[in-house]
Structure formats: structure tokens, C-alpha cells
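Chain by chain, the residues run as shown.
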Amino acid sequence: QVQLVESGGGLVQAGGSLRLSCAASGRAASSASMGWFRQAPGAGREFVAALSWTGGSTVYGDSVKGRFTISRDVIKNSVYLQMDSLQPEDTAVYYCAADRRRTAQEMRVPRDMEYWGKGTLVTVSS
């Protein structure tokens, strides 16, 4: 089994930055593709970014491309999301995800994801 715990969310003004962390426990996490999704109240779960277990392949959603950067520390078994130029539209609960069966490209679809974290709230004020 894999457990995912997000941290780093909070309140930030528009134009600011935040860095989210996702700590993975369980040996299987070291060979899983990992990614980030977000969900605003009343909205569906939106793909943000993903990478392969080696970190060699990365994929970004169109709405965050050029502003967010995903990275991974294999030794620490953690994945990070550096969020720059934040906008009020980025306000959401951000969820970490992992799946041993998927490529980074295949992480774009939230349905039937193998593992989810419980989320961390990011609020961007005007």
C-alpha cells in the first residue's frame, strides 16, 4: 500500500508563490508515477501535473503550463509542486496522486487512480 500526505497549502496573494509537498510512504511508491490534481467547490477534479517514477517525463495541464513545476526526490520519496504567479482561479484543494500502473501521460485522468492523498487547501486572494 501507498500513503500520500500533502503539505504546504495556505493563503497567498495573487502573483505570489507556494510550494506543495507530497510525502509518500510504502515501498511501492518508489516505482509509481505521481501527480497533482485540484478541485474547487462544485467543480470536477482537474489535472495539474504529473511525472514518471524516475522523474524523466513530466506532463502539465494547459491552465498551469509555464507557471507550475513538478519535481521529485526519489531518496526522500516525495513529489513537489512549485506554484508561481498564482491567480485566484488557482484556489482549490490540491491532491497528490500515485499509480504504479500508469505512465506520466496516463496520470492525466483522475478516474480509477490507484492512490490519493487527502488534499491541502490553496487559497489565492485578489
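This text goes with the structure placed above it.
The structure displayed is predicted, hence computed values, not measured ones.

(A) How the structure looks around unusual backbone geometry. The phi torsion at S85 lies on the positive side, around 50 degrees, for a residue other than glycine. Mapped onto the elements, S85 comes out in the loop between β8 (78–83) and β9 (92–99). A residue is classified by how much of its surface remains accessible, and S85, at 39% relative accessible area, is partly exposed. At D112, a position not held by glycine, the phi torsion is positive, near 65 degrees. Topologically, D112 is positioned in the loop between β9 and β10 (115–116).

(B) Local environment of the nonpolar core. Counting residues in hydrophobic clusters, the biggest one holds 29 residues, and the most contacted among them are L4, M34, W36, L81, M83 and Y94. Within the residue set of this core, elements represented by two or more residues are β3 (18–25), β4 (33–39), β5 (46–51), β7 (68–73), β8, β9 and β11 (120–125). In this view, L4 contacts C22, A23, A24, M34, C96, A97, A98, Y115, W116, G117 and K118; residues no more than four positions away in its chain are not counted. Counting eight residues, the second-largest nonpolar core is a separate cluster that includes F37, V59, M107 and M113.

(C) Region of the structure containing the pattern of salt bridges. Taken as a whole and assessed by the stated rule, the structure comprises seven salt bridges. Its salt-bridge partner being R67, residue D90 comes within 2.8 Å of it at the nearest N-O pair. Of this pair, D90 sits in the loop between β8 and β9 while R67 is found in the loop between β6 (58–60) and β7, placing the two residues 23 residues apart along the sequence. For the pair formed by D90 and R67, the shared burial category is buried. With a shortest N-O distance of 3.0 Å, R102 and D99 are connected by a salt bridge. Accessibility expressed as a relative area gives 14% for R102, which makes it buried.

(D) Seen up close, the sheet that holds β7. One open sheet holds the four strands; their spatial order is β1-β3-β8-β7, and the pairing between them is antiparallel. Each edge of the open sheet carries a strand with a single partner, namely β1 (3–7) and β7. Adjacent strand axes in the sheet meet at a mean angle of 15 degrees, parallel and antiparallel pairs treated alike. As defined by bridge partners, β1 adjoins β3 across five bridges and the pair is classed as antiparallel. Each bridged residue has a counterpart across the sheet, and for E6 the counterpart in β3 is C22.

(E) Focus on the environment of T54. Mapped onto the fold, T54 is located in the loop between β5 and β6. Of the residues examined, T54 reaches a relative accessible area of 51% and is grouped as exposed. The spatial distance from the C-alpha of T54 to the C-alpha of Q3 is 19 Å, given a sequence separation of 51 residues.

Definitions and limits used
- Residue positions are given per chain, counting from 1 as you read along its sequence in written order.
- Local features in this predicted model are restricted to residues of pLDDT 70 or higher, and side-chain atom pairs are both shown and tallied only at a pLDDT of 80 or more, whereas totals for entire chains, interfaces and linings draw on every residue.
- Hydrogens and waters are ignored; side-chain quantities use all the structure's heavy atoms.
- Numbering goes from the N terminus for both helices and strands, where a helix is a DSSP run of H or I of at least four residues and a strand is a run of E of at least two.
- Three exposure classes are used, based on accessible area relative to the maximum for each residue type with a 1.4 Å probe and protein chains only: buried under 20%, partly exposed in between, and exposed over 50%.
- Among buried residues, the Ala, Val, Leu, Ile, Met, Phe, Trp, Tyr and Cys ones that are joined through side-chain atoms within 4.5 Å form a nonpolar core.
- Any two residues whose heavy atoms approach within 4.5 Å are treated as being in contact.
- Between Lys or Arg on one side and Asp or Glu on the other, a salt bridge is scored when a side-chain nitrogen of the former is within 4 Å of a carboxyl oxygen of the latter.
- When DSSP finds at least two bridges between two strands, those strands are taken to pair.
- Orientation is described by lines fitted to C-alpha atoms, with helices fitted over the stretch in contact, and by angles between N-to-C directions that extend from 0 to 180 degrees.

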